[in-house]
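Residue-level listing of the chains:
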Amino acid sequence: MARPARKSRSSNGRMSASSDFRMRVRMYRHGLGDCFLLTFPRAGQAPFQILIDCGALHRNAAEMTALVEEIRDTIKRENGSENARLDVVVGTHEHKDHLSGFNQARDIFENEFDFGEVWLAWTEDLSQKEIMAIKKARRKAAEKIREVMRLNANLAASLDDVSSLMAFSADDDDGVGTQKVSDALEYLKERGRRRGSKLRFLKPGEEPRALKDVDDVRVFVLGPPLDPILLKSSEVTEAMKRDGTIYHLASSGLSGVEALAAAARAPDDPLALQAQPFSSAVSKKNFKKAPNYEKEPWRRIDGDWMSAFGQLALDLDNDTNNSSLVLAFEFESTGEVLLFAADAQVGSWLSWRKLNLKDGRKEMPALELLGRTVFYKVGHHCSHNATLRNNGLELMQDDRLVAFIPLDVETARKQGTKGWEMPAKPLLKALKKHTGDKVVISDASAKNPVSAEAHKAGVVATDTYIDYVLR
Ligand SMILES: [Zn+2]
């Protein structure tokens, strides 16, 4: 297939009419969290700029402000404009490591950025009663957990695992912030409703979206799933172990997965049930006590006495991850796909098996996109249950495949009593195999550099970001 003509950058730094690439994905290296700038050159005008998320765990306002200033300056330079225009701002889900920057650097977003459209998942559309009820129940449950933690401050050590899980939905990280993640989300909605902007709640299976004046690209929505059971599902079942649905832990064998299966189900705790307005069938009866949490250290909750709260914390965290907006950018003429899975868990991936996407007058199975994927933004910082094996990574067979993992390993290691296993080793191994060693972690260092293979495939690293350039 013919590619667009290549022209170079003009002398003033502004990206010229058409550039020497078709798309650039910029992953920022700001910590454990997602922040991606997608840039599409356009003929005769400023490039189309999309920001997908802007957040981190354990980063203060000064650090996030520096990040947002960097984004601002990049866009101003490339667009040659007074304000930094983001044609689309995507907030994938209500977790701090994806949205905190919209609180912590609010002034800059407010005064120096223009927003075109704001894209959120359909699960954020609170004008729908059912969604409102779920959100309310979740917030109430989260408050309860925090209350228990406050009342038992003397047992801080045993609460470590829960409190690090709860950090995803906690207030901002420093004194400036009394702001909550929900405030960041509300801010995005409010920006999308302003004159000149547009707020969109996206659903899987809808017509693909076009990007204004970007030829050849369309955007498919794969998640969050419409099926309420799959929307809630982060659990790993017996069947999944048998048929290799996930990459389970080679070192721990069944016990680790067993532990996860137990951990992913809800106890008969009224609070837990309250937090699960959708399907009691999936969660109510199957609770089993985990024989051994040792191999899933970041999921292990110390202390039986508080297992219900720990369980609830896990459920809340997983449910929110599963409400991630999953986007696939497709170059229509070449078929290349760039997949942004946010933090989607098992349930979202499973839903793609039955999802048919609108493709003009035809329908296209969603999984077909995976076979053409050349760039994969790895789900949930490479935790083990956020990338499916069969009907997932195994379908990504394109030799050009590059995988980006936004992750600060040190921060992950400090969470809970034993640290979170990010990246999950079996998954990282599988990713390396599938990509031919083109896996790039945002905290790449001199000790752990970007591979020569990734460089060859168009990956360029600086201290502040790592680019994937599709030429
Ligand atoms: Zn995340």
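Residues numbered from 1 in each chain as written. Predicted model: local features only at pLDDT ≥ 70, side-chain atom pairs only at ≥ 80, totals over all residues.

## Concerning the overall build of the protein chain
Note the following rule: Here a strand is any run of E in DSSP of at least two residues, a helix any run of H or I of at least four, and the numbering for each starts at the N terminus. Residue burial here comes from a neighbour count, namely the number of other C-beta atoms, placed from the backbone, that lie within 10 Å of the residue's own C-beta, with 20 or more meaning buried, 12 or fewer meaning exposed, and in between meaning partly exposed. Each residue gets a C-beta atom placed from its backbone, and two residues are in contact if those atoms lie within 7 Å.
Broken down by element type, the protein chain carries 18 helices and 17 strands. Counting over 471 residues, the protein chain shows a buried share of 52%. Taking the intrachain contacts of the protein chain between residues at least 6 apart in sequence as the baseline, contacts between residues at least 24 apart amount to 74%.

## Comments concerning the sheet that holds strand β4 (residues 84-91)
This is how the line gets drawn: Strand pairing is defined by DSSP finding a minimum of two bridges between the two strands. What counts as an axis is a line fitted to C-alpha atoms, over the stretch in contact for a helix, and the angles between N-to-C directions run from 0 to 180 degrees.
In space, the 8 strands of this open sheet follow the order β6-β5-β4-β3-β2-β1-β17-β16, with mixed pairing throughout. Of all strands in the sheet, those with a lone pairing partner are β6 (198-202) and β16 (459-461), marking the two edges. Put simply, the sheet's adjacent strands are angled 20 degrees from each other on average, direction ignored. Of the pairings in the sheet, the one linking strand β1 (residues 23-28) to strand β2 (residues 35-42) comprises 4 bridges and is antiparallel in character. Among the inter-strand pairings, arginine 24 is bridged to a residue of β2, identified as threonine 39. Packing of helix α1 (residues 61-79) onto the sheet brings it into contact with β1, β2, β3 (45-54), β4 and β5 (113-121), and relative to β3 it is tilted by some 165 degrees.

## Description of the sheet that holds strand β15 (residues 439-441)
Hydrogen bonds between backbone atoms are what pair the strands of a sheet, whose relative direction is either parallel or antiparallel. A sheet is described by the order of its strands in space; here 7 strands give the open sequence β7-β8-β9-β10-β13-β14-β15, paired in mixed fashion. Of all the strands in the sheet, the pair left with one neighbour each is β7 (209-210) and β15. Direction of pairing for β7 relative to strand β8 (residues 217-223): antiparallel, over a ladder of 2 bridges. Looking at the pairing, arginine 209 lines up with valine 219 of β8. Docked against the sheet, helix α17 (residues 425-435) engages β14 (402-405) and β15, running at close to 130 degrees with respect to β15.

## Some remarks on the environment of serine 333
Structurally, serine 333 is set in the loop between β9 (326-331) and β10 (337-340). When the 13 C-beta atoms within 10 Å are taken as the criterion, serine 333 is described as partly exposed. Distance from serine 333 to aspartate 216, taken between C-alpha atoms, is 6.4 Å for residues 117 residues apart in sequence.

## Considerations on the pairing of strand β13 (residues 373-377)
With 5 of 5 residues buried, β13 lies mostly within the body of the structure. Bridge count between β10 and β13: 4 bridges; the pairing is parallel. Opposite leucine 338, over in β13, you have phenylalanine 375 as the bridge partner. Here 3 bridges tie β13 to β14, and the two strands are oriented parallel to one another. Each residue of the ladder has a partner; that of lysine 377, found in β14, is phenylalanine 404.

## Topic: the nonpolar core
How we decide: Here, a nonpolar core means buried Ala, Val, Leu, Ile, Met, Phe, Trp, Tyr and Cys residues linked by C-beta atoms lying within 7 Å of one another.
Core analysis: the largest hydrophobic core is formed by 105 residues, its most contacted members being Leu51, Leu325, Val402, Ala403, Ile405 and Val440. Beyond its immediate sequence surroundings of up to four residues, isoleucine 405 is in contact with Val378, His381, Cys382, Pro423, Val439, Val440, Ile441 and Ser442. Counting 8 residues, the second-largest nonpolar core is a separate cluster that includes Ala141, Val162, Leu165 and Leu316.

## Quick look at the confidence of the model for the protein chain
For clarity, the cut-off: Values of pLDDT, which run from 0 to 100, indicate the predictor's confidence residue by residue.
Per-chain confidence: the protein chain averages 80 in pLDDT, with 73% of residues scoring 70 or above. Here residues 1-11 is a poorly scored stretch, pLDDT under 50, and it has 16 contacts once near neighbours within four places are set aside; other chains count.

## As for the environment of alanine 184
The topology assignment puts alanine 184 in helix α7 (residues 181-193). Judged by the 26 C-beta atoms lying within 10 Å of it, alanine 184 falls in the buried class. Spatially, the C-alpha atoms of alanine 184 and phenylalanine 102 are 5.4 Å apart, while their sequence positions differ by 82 residues. In contact with alanine 184, not counting residues within four places along its chain, are Leu99, Ser100, Phe102 and Asn103.

## Describing unusual backbone geometry
Along the chain, glycine 223 connects to proline 224 via a cis peptide bond; the corresponding omega equals 10 degrees. Tracing the backbone through its elements, the reader meets proline 224 in the loop between β8 and α8 (228-232). Cis rather than trans, the peptide bond between methionine 422 and proline 423 has omega equal to 0 degrees. Residue placement: proline 423 occurs in the loop between α16 (409-413) and α17.

## Some remarks on the environment of leucine 199
The residue leucine 199 is located in strand β6 in this model. Using a count of 18 C-beta atoms within 10 Å as the deciding quantity, one classes leucine 199 as partly exposed. The spatial distance from the C-alpha of leucine 199 to the C-alpha of leucine 120 is 7.8 Å, given a sequence separation of 79 residues.

## Quick word on α17
The condition is simple: Of all possible arcs, the one meant is that of the directions from the helix axis to the C-beta atoms.
Turning to α17, its buried residues number three or more, namely Leu427, Leu428, Leu431, His434 and Thr435. All buried residues of α17 fall inside an arc of 130 degrees around its axis, so they share one side. The inward-facing, buried residues of α17 contact β14 and β15.

## A short note on the pairing of β10
Two faces, one strand: in a regular strand the side chains alternate between the faces of the sheet. Every second residue of β10 is oriented toward a common face, with Val337 and Leu339 on one face and Leu338 and Phe340 on the other, all of them buried. In terms of strand pairing, β9 meets β10 through 4 bridges, oriented antiparallel. Among the inter-strand pairings, phenylalanine 329 is bridged to a residue of β10, identified as leucine 338. Connecting β9 to the next strand, β10, in antiparallel fashion are 5 residues, including glycine 335 with a positive phi near 85 degrees.

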